[in-house]
Amino acid sequence: MDTTVYVPVDGTRAVRARDLTKTYGSGEAVVHALAGVDVDFAAGEFTAIMGPSGSGKSTLMHLLAGLDTATSGQAFVGTTDVTGLNDGALTKLRRDRVGFVFQQFNLLPMFTAEQNITLPVELAGGTVDRQWFGTLVETLGLTERLTHRPAEMSGGQQQRVAIARALIAQPDVVFADEPTGNLDSRSGAEVLSFLRRSVRELGRTIIMVTHDPAAAAYADRVVLLADGRIAGDITDPTPESALAGLDALRTLEPDVSTGTTPAVPGAGA
Amino acid sequence: MATTTTAPSTDAPGSSSGGVPAAGPKGSSLPTARYTLAQMRRSAGRLTAAGIAILIGTAFVAVTLLAGNVITRATYDTIAARYADADVLVTTSGTDWRQDVEAIRGTDGVAAADAVRSAYLNLGDGSVFAYAEGIARPQDSRLMALDLTAGKWPSERGEIAVPDGLAERLHVGIGDETQVYRWVTTDPETGDGEEVTEDVRVVGITQDPYNAYASSGGAVVATPADIDEWADDPVPGGTFEIAALLEPSALSGGEPTPAVRDALDAAVVSGGKHSVKTVDEHAQQVSAERTGGEDLVFLVFVLTFAAVALLVAGLVIANTFQVLVAQRTRTLALLRCVGAGRGQLYRSVLLEAAVLGVLASLGGVLLGVLLAQTALFVAPRFDLGVPLPAAVSITPQVVLIPLAVGTVVTVVAALAPARNATRVAPLAALRPAETLSVRRGAGRVRAVLSALATIGGFALVGLGVYFGTTGEVQLGLAATVLGGAVSLVGVIVGTVFWLPKVAAFLGALVSRTGPASRLAAANTLRNPRRTSATATALLIGVTLIMTMTTGAAAARETADDTLDETFPVDIMVMPGAGEVPPSAAGTVDGVDGVTDVAEVYAADAELPGGEYLYLQGADLEDLRATVHDEHALDNLAPGTILLTQDDMENLGVAAGDTLEVTGTGSAVPLTVAETSNMGLSDVVTLTDLRKVDPEATFAAVWAALDPAADPATLLADVQDAMSDQGVFVTGPAAQRAQFEQVINVMLGIVVGLLAVAVVIAVIGVANTLSLSVIERRRESATLRAIGLSKSQLRGMLAVEGMLIAGVGAVLGIALGLLYGWTGALTALSVMGDVTLAVPWLDLGVVLVVAVVAGLIASVAPARSALQASPVEALAAE
Ligand SMILES: Nc1ncnc2c1ncn2[C@@H]1O[C@H](COP(=O)(O)OP(=O)(O)OP(=O)(O)O)[C@@H](O)[C@H]1O
Ligand SMILES: [Mg+2]
């Protein structure tokens, strides 16, 4: 198991997918959620995954993080093939090397912000790195909120706690599935700039799924997904270039290999 | 449906407050029913555990009722057995019974008839005796309840047929002679009389397959002429029975026709009251008279435990519905948004409860019948000595009572949750799920009621203890039991206020052991109401069991102390029918396991005041070796006499005084010394006894046993060794064993009955855990995503289960100790100083069982928590 401390080196691939496929159902009702995806995510980079609804963004993320099992192909975190890991190894991977941020925040209601943040370290039986904790709390602006419970915090604050929780174990990569989906545009912008600061200032690697071209513009790179395949790649995106990329996906339809029709892009369309 | 056009009418309160044109109650009940059933189907899994709780409770009731029926049936059968195949019994005053028998034999439709007469006989040959009931050989063999296994029925005077058991006891076989002794009253005025002996010959051996004469020790059959002579004439004012066998033509559907009943009634010659009954009617009447409501006592006793089980089941149900309503808050709010009235939601929850109650109760009745039938099926393998019916008799009560009770309990338990459902505001549908909660905290009324009941109840218990210790046991027990019940209700009602605090304390202890435990402790506390309701269900059973075991322990200890003070030694061989021979000491000493013996001599002596003493004396060293009560002998020395405090008071002396004891010779001065042991009062040394009476006789053997050996077995060994001496062998071991057995059997029965309530409560723990697991699916998935391992998740739920069960058990044990002690003080103070003991072993067993049950209760919920894939759970809204 790769336990080396993260050293941000430009060009190192933090996460890779090789011919990754995922199918649901069988026979008539078969759905190719992912149809052979090859993609690399560089370490120390903030990548956004965009695509129409149902294009397989969440599925890709779940497979990369070992939350779900692939039908075929491989997914690597660093040099570890997560598709070949058993539950124990996956649990260890989630503890040490992968962080999550969810659209629904998913904080534990009975714990305070601080307890929520430190939970992953405790579950792993480790001791909290107080210096790193301080840095995170300060960067995310949570110093005043540490003793509050989720019910006493706004959505944006809850999501920042969730981000701190995802980063506390200094993972190789943080996956965020529509982290701003439940936030208004101001809290959303706040959360996004915190994510970008985590990458720029704290040297983290973040892969984020979003529908919002404006959100995607905070990233260093946008990977476009359509019908379970990689359909484009934009470096240093702007809201306009991201939107243009999404629009271009529409002209690709209809795809012959699957019966699904790309839906209208969500926000920003 | 055709009812959709029903005009608006007066509605249930609140149903129009939704601000939506509500349909009338008739129109609205159908959609409600459809919605309810759909909701139930969706929640089927969540309702299962609650259903099982009710199912077990109703099965308990059904089995009890069935057992009652079986007992009744068995009683009837035993009563009816002696009439064999007779169809009717004609009961007359018996003044002209011979004419009555003839008249009935002559009635149309009667195949055979005989008087039911018996004589009480003493049979034997001078060395062995046995009492038996003597009956006449009937006119028709179908009226004979006994079977002939060898020889023939008596046909001439002086011939008898005896039951096999009696033949063995009397050492007689076919052809052997024996004698009948009977008392013949010569002067009815004074009751004087003489014993008459007659020679009889055994011609047949019988068997009693239906135990018809089991209660009188077996029946000896003789010719009617002999029985006529041996039996007493009917007492004036009594009743006399004639059993009759009817022709098939006189029966319809197994019952005598009205015509034959009338004819029999008319045939009776004797004056006074008479009646014609079927044998079954007679059995019913006799058993009602004989048991005098004993069946009812049995039913009430067992049904009390069934009620406890149902109460616990009710708590589980209430908890389930409370959780269901909380989990459906969003759905309920949505329904309110689209126009459902409060009344509709209220009725919907109650309907759900009613359907659950009916289904579960039916299941319970079915289970009960199966269990009872299985028991009857296996029962014949154990020789119970009672004829049991082959199949249970399913009367309407057996089905209807459990069904009604189960349904009512379920619906009543759902009343509060149903009220909560009506309190859900339509606005709740718009709020995020995490912040939703159904009514937190508990009302002030509840707090006041609980406090009053608890304090009042315990005050009453205190009063009961006071009465008990001052000798008013009946009054004390009544007060203690009533106070105990009231305070327990108070405690149960109030658990929601303080039980979470105990849980928090235990949780804080547990959370030190790791992150999974910390999660578990936090989970247990996030919903105090749910936790206390679940733990309370267990608390009830544990409290009652602990009360019983504590009370039993106190009874045991108190009895031990009393026995130790009565018996100074392990075994005493005392004069019985014969004197204790001097050789007895050697015989007893020779028994394996007897360590020491003392030869005890005795003499009568007189005091100056004219009082008589029965002095016992033995060698001081032998006494020291045999008496087990360490300090009871401390004061005995040459020249002293041991007396208990009580005896000293009776004689008006004090320790240190000198008593002038006169035996056969001159007065011997003896110094009074105190002993605590009643059995050692009036004991002196052998030398002193000889001074009082040089001819003092050998009176008894006292023996000490090897402490490692089983005293009851050794007692039997000593009894065997002394069997042909006509002496009486006793000891505290025998008494203790007997007493112990009574206590253990009673405790076993009561704990067994209470165990049902505990099982239901454990199901309740599993239920709460699985409901929580369903509710926390997304949370569990998140935890898994951030690094909670499978075994940690399992561990978390296990700790939750053990915590809830542990809290219930710890509090139940504390309460049980309290009730057990107060109960023992009340009931046992008359026996002497009550020893209050903590039954550590039972306590440990109860605690371990409860905690392990909590652990087991977490297995199924943990499995379902692990089954859900993290992705699915995260996607679920
Ligand atoms: N459990 C499942 N069973 C069957 N099909 C599924 C399942 N989960 C996802 N799918 C299908 O797989 C495809 C990809 O789903 P996925 O959730 O990855 O899309 P997405 O890009 O995240 O969409 P959105 O933007 O709406 O979140 C969809 O067509 C979806 O219907
Ligand atoms: Mg998605």
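Residues numbered from 1 in each chain as written. Chains lettered and ligands numbered in written order. Predicted model: local features only at pLDDT ≥ 70, side-chain atom pairs only at ≥ 80, totals over all residues. Heavy atoms only, no water.

Bring the parts together and some accessible area is lost; that lost area is often taken as the interface size. Between chain A and chain B, the residue contacts involve 21 residues of the former and 22 residues of the latter. Together chain A and chain B conceal approximately 2200 Å² of surface at their shared face, both sides included; 63% is due to carbon and sulfur atoms. Across the contact surface, chain A and chain B share two salt bridges. A salt bridge links R784 of chain B to D87 of chain A; its shortest N-O distance comes to 2.7 Å. Summed over the shared surface of chain A and chain B, the number is eight residue pairs in polar contact (both at pLDDT 80 or more). (Contact = heavy atoms within 4.5 Å. Buried area = accessible area lost by both parts, 1.4 Å probe. Salt bridge = Lys/Arg side-chain N within 4 Å of Asp/Glu carboxyl O. Polar contact = N/O pair within 3.5 Å; in protein donor to acceptor, adjacent residues only side chain to side chain.)

Moving on, we come to the nonpolar core. Counting residues in each nonpolar core, the largest one holds 108 residues, and the members touching the most others are L119 of chain A together with F60, F321, L519, L538, I760 and L783 of chain B. Each of two domains, domain 1 (32-82 + 293-436) and domain 3 (496-567 + 732-877) of chain B, supplies a minimum of three residues to this core. Ignoring anything within four residues of it in the chain, the contact list for L519 of chain B reads L108, M110, F111, L119 and L123 of chain A together with L783, L788 and M796 of chain B. Formed by 45 residues, the second largest nonpolar core is a distinct cluster that contains A162, I163, L192 and I206 of chain A. (Core = buried A, V, L, I, M, F, W, Y, C linked by side-chain atoms within 4.5 Å. Buried < 20%, exposed > 50% of the residue type's maximum accessible area, 1.4 Å probe, protein only. Domains from an automatic or database assignment.)

Next up on the list: the domain arrangement of chain B. Assigned domains within chain B: domain 1 (32-82 + 293-436), domain 2 (83-290), domain 3 (496-567 + 732-877) and domain 4 (570-730). Each of domain 2 of chain B and domain 4 of chain B has a C-alpha centre, and these two points are 55 Å apart.

Moving on to the packing of aromatic side chains. Scanning all chains against the criterion turns up seven aromatic pairs over all chains. Ring geometry for F100 of chain A against F102 of chain A: centres 5.9 Å apart, planes inclined by 10 degrees, an arrangement best described as stacked. Exposure remark for F100 of chain A: the relative accessible area of 4% places this residue in the buried category. Judged by centre distance (5.8 Å) and plane angle (15 degrees), the rings of F458 of chain B and Y819 of chain B are stacked. Taken together, the positions of F458 of chain B in helix α13 (residues 444-469) and Y819 of chain B in helix α24 (residues 790-828) put the pair 361 residues apart, joining distant regions of the chain. Here the aromatic cluster, defined as three or more aromatic residues joined through ring pairs, consists of F100, F102 and F175 of chain A. Sitting over the face of the ring of F111 of chain A, R518 of chain B holds its NZ or CZ atom 5.4 Å from the ring centroid. (Phe/Tyr/Trp six-rings, centres within 6.5 Å; stacked < 30°, edge-to-face > 60°. Helix = DSSP H or I, 4+ residues; strand = E, 2+ residues; numbered from the N terminus. Lys NZ or Arg CZ within 6 Å of the ring centre and 35° of its normal.)

Turning next to a nonpolar patch on the surface. Residue and element names in this part refer to chain B. The grouping of F301, V745 and I749 at the surface amounts to a nonpolar patch, some 270 Å² of accessible area in total. Relative to the helices and strands, F301 is located in helix α8 (residues 294-327). Judged by relative accessible area, which is 39%, F301 ranks as partly exposed. (Patch = residues over 30% accessible without salt bridge, like charges linked within 9 Å, V, L, I, M, F, W, Y side chains within 5 Å. Areas by Shrake-Rupley, 256 points an atom, 1.4 Å probe, with all protein chains shown as cover.)

Residue and element names in this part refer to chain B. Taken as a whole, the second largest pocket encloses approximately 1300 Å³ of empty space. For the second largest pocket, the lining is made up of 39 residues, of which V481, L544, T547, M548 and V750 are closest to its centre. Every element with two or more residues in the lining of the second largest pocket is listed here: α8, α14 (473-511), α16 (528-566), α22 (732-775) and α24. Considering only residue class, the lining of the second largest pocket consists of 31 nonpolar, eight polar and no charged. The residue makeup of the lining of the second largest pocket includes at least three contributed by each of domain 1 (32-82 + 293-436) and domain 3 (496-567 + 732-877). (1 Å grid on protein atoms, 1.4 Å probe; cavity = no way out; pocket = protein on both sides within 12 Å on 5 of 7 lines; lining within 4 Å. Points joined across faces, edges and corners; volume = space filled by probe spheres on them. Nonpolar A, V, L, I, M, F, W, Y, C, P; charged D, E, K, R; others polar.)

Looking now at a negative patch on the surface. Residues and elements named next belong to chain B. Together, E557, D561, E565 and D833 line one region of the surface with negative charge. Within the fold, E557 resides in helix α16. Looking at E557, the relative accessible area reads 34%, which means it is partly exposed. (Lys, Arg positive; Asp, Glu negative; His and termini not counted. Charge placed at Lys NZ, Arg CZ, Asp CG, Glu CD.)

What follows covers the sheet that holds strand β19 (residues 668-674) of chain B. Residue and element names in this part refer to chain B. Taken together, three strands build an open sheet; the order of strands is β17-β19-β18 and the sheet is mixed. Single-partner strands in this sheet number two, and they are β17 (640-643) and β18 (658-661). Adjacent strand axes in the sheet meet at a mean angle of 45 degrees, parallel and antiparallel pairs treated alike. (Pairing = 2+ DSSP bridges. Axes fitted to C-alpha atoms, helices over the stretch in contact; angles between N-to-C directions.)

Attention now moves to the confidence of the model for chain B. All names here are of chain B. Looking at chain B, the pLDDT average stands at 82 and 91% of residues meet or exceed 70. Segment residues 1-28: pLDDT under 50, and 25 contacts once partners within four positions in sequence are set aside and those in other chains are kept. A low-confidence stretch, residues 433-441 (pLDDT under 50), is modelled with 14 contacts involving residues beyond four sequence positions or located in other chains. Interface confidence for the predicted complex, expressed as ipTM, amounts to 0.75; the pTM equals 0.71. (pLDDT = per-residue confidence, 0-100.)

Residues and elements named next belong to chain A. As a structural note, the neighbourhood of ligand 1 is formed by 13 residues, with S53, G54, K57, S58 and T59 the closest of them. Take S55: an N or O atom from its main chain is 3.2 Å from an oxygen atom of ligand 1. Take T59: an N or O atom from its side chain is 2.4 Å from an oxygen atom of ligand 1. Computed on the free molecule, ligand 1 has an accessible area of 630 Å², of which 62% lies beneath the protein chains in the complex. Elements that contribute at least two residues to the shell around ligand 1 include exactly β2 (31-42) and α1 (57-64). Counting residues per element, the shell around ligand 1 draws most heavily on α1, which supplies three residues. (Near = heavy atom within 4 Å.)

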